[in-house]
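# Examining the three-dimensional arrangement
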Amino acid sequence: MWRRVASLSPMISSSSPSRSLARNQAAFGLNIRESFATEISKPEEGAKSPFITFVLGGPGSGKGTQCEKIVETFGLTHLSAGDLLRREIAMHTKNGDMILNLIKDGKIVPSEVTVKLLQKELESSNSSKFLIDGFPRTEENRVAFERIVGADPDVVLFFDCPEEEMVKRVLNRNQGRVDDNITTIKKRLKIFEALNRPVIDYYKNKGKLYTINAVGTVDDIFKQVLPIFTPFEEQLKQSRHVNPKSPLVENSS
Ligand SMILES: Nc1ncnc2c1ncn2[C@@H]1O[C@H](COP(=O)(O)OP(=O)(O)O)[C@@H](O)[C@H]1O
Ligand SMILES: Nc1ccn([C@@H]2O[C@H](COP(=O)(O)OP(=O)(O)O)[C@@H](O)[C@H]2O)c(=O)n1
Ligand SMILES: [Mg+2]
């Protein structure tokens, strides 16, 4: 579906308007690269763009839980940025230790690493509709995806949840995650507040943001999610999908 086409120009140049953002990110220990030499992928000539949904929200806001329900109903392919990073740790890849140390400390992994993992999944998938969960967490993430993958999201979901509820959920999550402890969760919440807001504002200005009140039962929250996809139903039906449980009519165009 995708092919590599060109080299990137510097990500954050000295004339970049994002210099204060870069300082902000640096303050949180992020690895801002002056130059970001890599390759861009673009959909092949004549290929349909994939349908992309970004899923935003603080730690414990219920992103993963709602993604499961969206997958069941609409057959989108779920790509969790956090899961892809944890897989690198489990597989002891060259970036595994670096990723582990950042995740333990609640910090954001350099965008180039995360975007390349997402790019690999997008390129190798037969699906043409994706839920990208836990991404973009920063403006650096967002810009890197745009430039490396060369695609824009159709829908951006934001699960809006009060901090105390997020803390309660994360501490009860019981998935054995190194970052689900009170010390790391406090750091993650600070980073989320500081770095995710500009991403939310960006998509709000583009008219792509759907804010969901993430307090309530899982089903109540999903009732808010369902109508967001209704206008895209035809498009989603026409996309090839892999989930046999999806109620949508199969049409492998
Ligand atoms: N609406 C909800 N009410 C209470 N607990 C929830 C709700 N949604 C999810 N959870 C639980 O909260 C924890 C965090 O949910 P998860 O989907 O992993 O969030 P995120 O991916 O945003 O960190 C999990 O243990 C999950 O079962
Ligand atoms: N875009 C992303 C997503 C996750 N991560 C890292 O992975 C951790 C876990 O992300 P996650 O999405 O699985 O976490 P939850 O919000 O689901 O609790 C984050 O706290 C970051 O350390 C990242 O660096 N960049
Ligand atoms: Mg999650």
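Residues numbered from 1 in each chain as written. Chains lettered and ligands numbered in written order. Predicted model: local features only at pLDDT ≥ 70, side-chain atom pairs only at ≥ 80, totals over all residues. Heavy atoms only, no water.

## Quick notes on the overall build of the protein chain
- Each helix and strand in the protein chain was counted, giving ten helices and seven strands.
- Put simply, the protein chain has 253 residues, and 49% of those count as buried.
- If you sum the accessible surface of the protein chain, you get close to 12,300 Å²; carbon and sulfur atoms cover 49% of it. (Helix = DSSP H or I, 4+ residues; strand = E, 2+ residues; numbered from the N terminus. Buried < 20%, exposed > 50% of the residue type's maximum accessible area, 1.4 Å probe, protein only. Areas by Shrake-Rupley, 256 points an atom, 1.4 Å probe, with all protein chains shown as cover.)

## Topic: the packing of aromatic side chains
- Under the defined criterion, the tally for this structure stands at seven aromatic pairs.
- For the pair Phe51 and Phe232, a centre-to-centre distance of 5.3 Å together with 65° between the ring planes defines the contact as edge-to-face. Here Phe51, found in strand S3 (residues 51–57), pairs with Phe232, found in the loop between helix H9 (218–229) and helix H10 (233–238); they are 181 residues apart in sequence, far enough to count as distant. Neither residue differs from the other here; Phe51 and Phe232 are each classed as buried. (Phe/Tyr/Trp six-rings, centres within 6.5 Å; stacked < 30°, edge-to-face > 60°.)

## Here's the deal with the sheet that holds strand S5 (residues 129–133)
- Spatial strand order, S4-S5-S3-S6-S7: five strands in an open sheet with parallel pairing. Every other strand in the sheet has two partners, leaving strand S4 (77–80) and strand S7 (209–213) as the edge strands with one partner each. Averaged over all pairs of adjacent strands, the angle between strand axes in this sheet comes to 20°, irrespective of strand direction.
- Alignment of S4 against S5, held across four bridges, turns out to be parallel. Looking at the pairing, His78 lines up with Leu131 of S5.
- Sitting on the sheet, helix H2 (residues 63–74) touches S3, S4, S5 and strand S6 (155–160), and the angle it makes with S5 is about 170°. (Pairing = 2+ DSSP bridges. Axes fitted to C-alpha atoms, helices over the stretch in contact; angles between N-to-C directions. Contact = heavy atoms within 4.5 Å.)

## Section: the site of ligand 1
- In the vicinity of ligand 1 there are 14 residues, among which Gly60, Lys63, Thr65, Arg173 and Gly216 approach most closely.
- In the model, an oxygen atom of ligand 1 is placed 3.1 Å from a nitrogen or oxygen of the Gly64 main chain.
- When ligand 1 sits alone it has 560 Å² of accessible area, and the protein chains cover 74% of it.
- Because more than half of its atoms lie within 2 Å of the grid, ligand 1 is assigned to the largest pocket.
- At the level of secondary structure, the elements contributing two or more residues to the shell around ligand 1 comprise H2 and H9.
- Top element by residues in the shell around ligand 1 is H2. It accounts for three residues.
- Grouping the amino acids of the shell around ligand 1 by side-chain chemistry returns three nonpolar, eight polar and three charged. (Near = heavy atom within 4 Å. Polar contact = N/O pair within 3.5 Å; in protein donor to acceptor, adjacent residues only side chain to side chain. 1 Å grid on protein atoms, 1.4 Å probe; cavity = no way out; pocket = protein on both sides within 12 Å on 5 of 7 lines; lining within 4 Å. Sits in = over half its atoms within 2 Å of the grid points. Nonpolar A, V, L, I, M, F, W, Y, C, P; charged D, E, K, R; others polar.)

## Here we look at the environment of Phe222
- Within the secondary structure, Phe222 is located in helix H9.
- A residue is classified by how much of its surface remains accessible, and Phe222, at 9% relative accessible area, is buried.
- Spatially, the C-alpha atom of Phe222 lies 6.6 Å from that of Gln66, the residues being 156 residues apart in sequence.
- Beyond its immediate stretch of four places on either side in the chain, Phe222 contacts Gln66, Lys69, Ile70 and Thr73.

## Focus: the packing of helix H3 (residues 81–90) against helix H4 (residues 96–104)
- The N-to-C vectors of H3 and H4 enclose an angle of 125°; their axes lie 8 Å apart at closest approach. Considered as vectors, H3 and H4 are oriented oblique to each other. Pair H3 / H4 crosses with left-handed handedness. Here H3 contributes Leu85, Arg86, Glu88 and Ile89 to the contact with H4, which in turn contributes Gly96, Ile99, Leu100 and Ile103.
- Of the residues that constitute the contact of H3 with H4, the class distribution is five nonpolar, one polar and two charged. (Parallel < 35°, antiparallel > 145°, perpendicular 65-115°, else oblique. Left-handed = near helix turned anticlockwise from the far one by under 90°.)

## Brief notes about the UniProt feature "binding site: ATP" (unreviewed entry) in the protein chain
- Here, UniProt's "binding site: ATP" (unreviewed entry) annotation points to Gly60, Ser61, Gly62, Lys63, Gly64, Thr65, Arg173 and Gly216. When the annotated set is filtered for residues lining the largest pocket, what remains is Gly60, Ser61, Gly62, Lys63, Gly64, Thr65, Arg173 and Gly216.
- Take Ser61: it is sitting in the loop between S3 and H2.
- Overall, the relative accessible area of 2% leaves Ser61 in the buried class.
- Among all residues touching Ser61, those that are not within four sequence positions of it are Phe159, Cys161, Met166, Arg169 and Ala214. (UniProt positions renumbered as here; feature names shortened; annotations may be inferred.)

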